Amino acid sequence: RTSTRKKDKSRGIVLIWLGEDDLDDVRSKAEFEVERVDGTNDQIRLRSAHWNRNYVYAADWDFDSQNSQVLVWMKTATPDILSKARFTVELVYVRSRSGCFTYKGVNY
């Protein structure tokens, strides 16, 4: 996890690990808690299980013209951050090669 700006201690970038998947250090940082958003049936928030339960959120500033960034809020969550930390869950049936059905979550 890296700060988005050197002086910005409030936000961290969500990165994707492309290396070996058997490293305990990497796995411990890849664990998230799922918390249901009160008053909804289809919205969740993700909190880092490793980094002080920090919230994952969709930033309101764009990465480029077609993409936004997903960040981690590293301070006490404000109502503004909590509103951006909501993700909609849609259950999609996916048939695997073995013929079993699994659920796939679709975010935001």
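See the structure printed just above.
Model, not experiment: these values are computed from the prediction.

Each value, and the rule that gives it
- Residues numbered from 1 in each chain as written.
- Predicted model: local features only at pLDDT ≥ 70, side-chain atom pairs only at ≥ 80, totals over all residues.
- Heavy atoms only, no water.
- Buried < 20%, exposed > 50% of the residue type's maximum accessible area, 1.4 Å probe, protein only.
- Helix = DSSP H or I, 4+ residues; strand = E, 2+ residues; numbered from the N terminus.
- Pairing = 2+ DSSP bridges.
- Core = buried A, V, L, I, M, F, W, Y, C linked by side-chain atoms within 4.5 Å.
- Contact = heavy atoms within 4.5 Å.
- Salt bridge = Lys/Arg side-chain N within 4 Å of Asp/Glu carboxyl O.
- Polar contact = N/O pair within 3.5 Å; in protein donor to acceptor, adjacent residues only side chain to side chain.

1. A word on the pairing of strand 4 (residues 43-48)
Burial analysis of strand 4 places six of its six residues in the buried class, the great majority of the element. Taking every second residue as pointing to the same face, both faces of strand 4 are buried, with Q43, R45 and R47 on one and I44, L46 and S48 on the other. Here strand 3 (residues 32-36) runs beside strand 4; their pairing, made up of five bridges, is antiparallel. Within strand 4, the position partnered with V34 by the bridge is L46. Hairpin connection of strand 3 to strand 4: six residues between the antiparallel strands, including G39 at a positive phi of 80°.

2. Considerations on the environment of V72
Secondary-structure assignment places V72 in strand 6 (residues 68-73). Taking C-alpha positions, V72 is 8.3 Å from S48, a pair spaced 24 residues apart along the chain.

3. Remarks on the nonpolar core
Core analysis: the largest hydrophobic core is formed by seven residues, namely Y55, Y57, A59, L71, W73, I81 and A85. For this core, the secondary structure elements donating two or more residues are strand 5 (55-62) and strand 6. By residue number, the principal contributor to this core is strand 5, which donates three residues. Those residues within four positions of I81 in sequence are excluded, and the remaining contacts are Y57 and W73. Core analysis: the next-biggest nonpolar cluster, separate from the first, contains five residues, I44, L46, V56 and V72 among them.

4. Focus: the pattern of salt bridges
Counted by the stated rule, this structure contains four salt bridges. Residue E35 pairs with R47 through a salt bridge whose shortest N-O separation is 3.5 Å. On the criterion of sequence distance, the pair formed by E35 in strand 3 and R47 in strand 4 is long-range, its members being 12 residues apart. Connected through shared salt-bridge partners, E35, R45 and R47 make up one network.

5. Side note on the environment of T40
The topology assignment puts T40 in the loop between strand 3 and strand 4. Owing to a relative accessible area of 16%, T40 belongs among the buried residues under this scheme. As a C-alpha pair, T40 and T88 span 48 residues in sequence and 9.6 Å in three-dimensional space. Polar side-chain contacts of T40 include one of 2.8 Å to the backbone oxygen of V37.

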